[in-house]
Amino acid sequence: MFVCICKAVTEEEVQEHLGDGADTTDAIGARCGAGWGCGTCVERLNELLCAHAVGRHAAA
Ligand code: FES
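Here's a quick rundown of the structure.

What counts, and where the lines are drawn
- Residues numbered from 1 in each chain as written.
- Predicted model: local features only at pLDDT ≥ 70, side-chain atom pairs only at ≥ 80, totals over all residues.
- Heavy atoms only, no water.
- Helix = DSSP H or I, 4+ residues; strand = E, 2+ residues; numbered from the N terminus.
- Buried < 20%, exposed > 50% of the residue type's maximum accessible area, 1.4 Å probe, protein only.
- Contact = heavy atoms within 4.5 Å.
- Salt bridge = Lys/Arg side-chain N within 4 Å of Asp/Glu carboxyl O.

### Some details on the side chain of Glu-11
Right, on to step 1. Secondary-structure assignment places Glu-11 in helix H1 (residues 11–19).
Right, on to step 2. Given the relative accessible area of 17%, Glu-11 is considered buried.
Right, on to step 3. Aside from chain neighbours lying at most four places away, what touches Glu-11 is Met-1, Val-3, Arg-44 and Leu-48.

### Focus on the environment of Ile-5
Right, on to step 1. Within the secondary structure layout, Ile-5 lies in the loop between strand E1 (2–4) and strand E2 (9–10).
Right, on to step 2. Sequence separation between Ile-5 and Cys-38 is 33 residues; the distance between their C-alpha atoms is 9.2 Å.

### A look at helix H2 (residues 25–32)
Right, on to step 1. Those residues of H2 that fall on the buried side of the exposure criterion are Thr-25, Ala-27, Ile-28, Gly-29 and Cys-32.
Right, on to step 2. Packing partners of the buried residues in H2 comprise E2, H1 and helix H3 (42–59).
Right, on to step 3. Immediately downstream of H2, the backbone of Gly-33 shows phi near 90 degrees, a positive value.

### Here we look at the side chain of His-17
Right, on to step 1. One can find His-17 in helix H1.
Right, on to step 2. Leave out the neighbours within four places in its chain, and His-17 touches Ala-22, Arg-31 and Cys-32.

### Considerations on the pattern of salt bridges
Right, on to step 1. The tally for this structure, following the rule as stated, stands at 2 salt bridges.
Right, on to step 2. Here Glu-11 ties to Arg-44 by a salt bridge, and the two come within 3.1 Å at their closest N and O atoms. With Glu-11 in helix H1 and Arg-44 in helix H3, this residue pair connects regions lying 33 residues apart in the sequence.
Right, on to step 3. As a salt-bridge pair, Arg-44 and Glu-47 come within 2.9 Å of each other at their nearest N and O atoms. Note that Arg-44 and Glu-47 are positioned in helix H3 at a spacing of 3 residues, about one turn of the helix.

What follows is the structure, given as structure tokens:
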């Protein structure tokens, strides 16, 4: 499923960037451009960032 329509970035692609250490929406954008178009997807990117951070905290 696409998270960012402007840059045709999927949720799976964002998850890969999170796993590779992207820890801000700008860091995700630097890797794939998500969030750097209209900005509509930034809220969803933040949700994915928070879920990833919670998952890492729970695993620690
Ligand atoms: S949908 Fe991601 S920047 Fe427009």
